[in-house]
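Notes for the structure review
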Amino acid sequence: DVKVTQSSRYLVKRTGEKVFLECVQDMDHENMFWYRQDPGLGLRLIYFSYDVKMKEKGDIPEGYSVSREKKERFSLILESASTNQTSMYLCASKPDRAEQYFGPGTRLTVT
Amino acid sequence: GENVEQHPSTLSVQEGDSAVIKCTYSDSASNYFPWYKQELGKRPQLIIDIRSNVGEKKDQRIAVTLNKTAKHFSLHITETQPEDSAVYFCAASMTAGGGNKLTFGTGTQLKVEL
């Protein structure tokens, strides 16, 4: 069974804190993605990675960075959290030329 | 880059009626078009997809049509049921290239009323 997991379902952080969101997949997928989901705006791509140590900016990378040291793990980093980064964060993974699977999401609140 | 527009943003139908959600895309190189369903509090899940070498695909009560010339594709749900109530997202991508990243539409909230 396909499995994409995220480290937290809910997270509350203060403005200025450094925040780490972790995503792990057990399917040996080459490609991994981070999205944020906001009402009325759909799923917007923050960063993606198509190989270990490779990363590409998505549509809204400002204020975020990522790390992919191992194939199964893709981390999203908020260097200095701000209130406008309060959102639902979804990780996803996919092999080449096949279906994309999402994680359960992390609802982050920055106060 | 690719831009996907989705309409309507909300759709309310009576149980048993049909529902249609429409999407347009901008990049003529896109050749893969999946549809995801997201129930309340859950992750998006793929329900159907279509590749550019076919014009229509069906799976029980759901179907997707693709018009490459006009660059639009649609999701059709027949005989709607309350469990069809969810947010639906269309997406587009090229299957070649690193990442094969999907560009999503903004979503349609479908409500099936009894």
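This text goes with the structure placed above it.
Quantities reported herein were computed from a predicted structural model and do not represent experimental measurements.

**Notes on the pattern of salt bridges**
- Scanning all chains against the criterion turns up 10 salt bridges over all chains.
- A salt bridge links Asp38(A) to Arg44(A); its shortest N-O distance comes to 2.9 Å.
- Classification of Asp38(A) as buried rests on a relative accessible area of 13%.
- For Lys57(B), the salt bridge identified is with Asp49(B), shortest N-O distance 2.9 Å.
- Here the salt bridges share partners, and the residues they tie into one network are Arg36(A), Asp38(A) and Arg44(A).

**Points about the environment of Lys68(B)**
Residue and element names in this part refer to chain B.
- By the element assignment, lysine 68 lies in the loop between strand 7 (62-67) and strand 8 (72-77).
- You can call lysine 68 partly exposed: its relative accessible area is 37%.
- When the C-alpha atoms of lysine 68 and isoleucine 48 are compared, they prove to be 18 Å apart, with 20 residues separating the residues in sequence.
- Beyond its immediate chain neighbours, meaning those up to four positions away, lysine 68 contacts Tyr25, Ser28, Ser30 and Ser52.

Scoring rules and cut-offs
- Residues numbered from 1 in each chain as written.
- Chains lettered and ligands numbered in written order.
- Predicted model: local features only at pLDDT ≥ 70, side-chain atom pairs only at ≥ 80, totals over all residues.
- Heavy atoms only, no water.
- Salt bridge = Lys/Arg side-chain N within 4 Å of Asp/Glu carboxyl O.
- Buried < 20%, exposed > 50% of the residue type's maximum accessible area, 1.4 Å probe, protein only.
- Helix = DSSP H or I, 4+ residues; strand = E, 2+ residues; numbered from the N terminus.
- Contact = heavy atoms within 4.5 Å.

Just geometry here; none of it tells us what the structure is for.
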